[in-house]
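Residue-level structure breakdown
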Amino acid sequence: MLKGIYCMNRCIAMIVWNESYLLLIERKKYPYGFALPGGHLEENENYKDAGRRELKEETGLNAVKLKYILEDVIYDNGRVCSKGSDEPHICKVYRAFYEGSLKLNKKETKSIGWYSMLELYDLALKTNNYLDKLITEKEWENSPGVVPVCYKWFVELGILGSGYNFYKKRKIFI
Ligand SMILES: [Zn+2]
């Protein structure tokens, strides 16, 4: 266990729509890339509590309603997470309905914004190239696409079209 922080091996991610625009954050830490807002559950917190807290911390928005979408087990080939666990994490994805407006928290994210589907497709193409090792880790860190696990969910949920089924060849997602 690193840093003395206990990891519950539980995390949450939230899909937030503003009409046809999807809320993405650019992560400051590994795994780099554009991702759904979310994060680890803390001790004594349930998924919805953690979702409300993370959405507020990362984007300034208040979640007024959360609707369960899917559950996934995510792992990174034994790599240790930010809280020191190398165990698989159970991640639940919720759709969040919100009030308020975006407020960047530079401690939490590099950027936040509402992304059109065309912009999302561009980010997904970059993820394809990254998974195909056509761009280096450094290039990815400087100008990333969608983090692979979000890419996978977007395909499963039909947010990215069926042409984006590249992930099925992959075994490891974070
Ligand atoms: Zn963890």
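Residues numbered from 1 in each chain as written. Predicted model: local features only at pLDDT ≥ 70, side-chain atom pairs only at ≥ 80, totals over all residues.

**Considering the nonpolar core**
Counting residues in each nonpolar core, the largest one holds 37 residues, and the members touching the most others are Ile12, Met14, Ala96 and Cys150. The set of elements that each furnish at least two residues to this core consists of β1 (10–15), β3 (21–27), β4 (34–35), α1 (47–59), β6 (62–74), β7 (89–99), α2 (117–131) and α4 (148–156). Sequence-distant contacts of Cys150, that is, excluding residues within four places in its chain, are made with Ala35 and Leu36. (Core = buried A, V, L, I, M, F, W, Y, C linked by C-beta atoms within 7 Å. Buried ≥ 20, exposed ≤ 12 C-beta atoms within 10 Å, placed from the backbone. Helix = DSSP H or I, 4+ residues; strand = E, 2+ residues; numbered from the N terminus. Contact = placed C-beta atoms within 7 Å.)

**Comments concerning unusual backbone geometry**
Cis geometry is found at the peptide bond from Tyr30 to Pro31, where omega equals -5°. With a phi close to 65°, Asn44 is a non-glycine residue in the positive phi region. Its location among the elements puts Asn44 in the loop between β5 (38–40) and α1. Backbone geometry at Lys133 places phi at a positive 60°, although glycine is not the residue there. For Lys133, the location among the structural elements is in the loop between α2 and α3 (137–142). Assessed through the 8 C-beta atoms surrounding it within 10 Å, Lys133 is described here as exposed.

**Notes on the sheet that holds β1**
With respect to topology, 4 strands assemble into an open sheet ordered β5-β1-β7-β6, the strand pairing being mixed. Lying at the two open borders of the sheet, with one neighbouring strand each, are β5 and β6. Across this sheet, the average inter-strand angle for adjacent strands is 20°, counted without regard to direction. Summarising the sheet, β1 and β7 pair through 6 bridges and their orientation is parallel. Across the sheet, the residue bridging to Ile12 is Lys92, located in β7. (Pairing = 2+ DSSP bridges. Axes fitted to C-alpha atoms, helices over the stretch in contact; angles between N-to-C directions.)

**Some words on the environment of Ala124**
For Ala124, the position within the fold is in helix α2. Residues Ala124 and Phe34, 90 residues apart in the sequence, show an inter-C-alpha distance of 9.7 Å.

**Focus: α4**
Within α4, 7 of the 9 residues are buried, leaving the element largely enclosed by the surrounding structure. Pro148, Val149, Cys150, Tyr151, Lys152, Trp153 and Phe154 are the residues of α4 that are buried. Each element contacted by the buried residues of α4 is listed here: β4, β6, β7 and α2. A positive phi of about 80° marks Gly158, the residue just after α4.

**Points about the pairing of β1**
Extensive coverage of β1 is indicated by the burial of 5 of its 6 residues. Across 3 bridges, β1 lies against β5 in antiparallel orientation. Paired with Ala13 across the strands is Gly38, a residue of β5.

**Comments concerning the environment of Ile90**
Its place among the elements puts Ile90 in strand β7. On the neighbour-count criterion, Ile90 (16 C-beta atoms within 10 Å) is partly exposed. A sequence separation of 82 residues divides Ile90 from Met8, and the C-alpha atoms of the two residues are 9.2 Å apart. Contacts of Ile90, omitting those with residues within four sequence positions, involve Asn9, Arg10, Glu71 and Val73.

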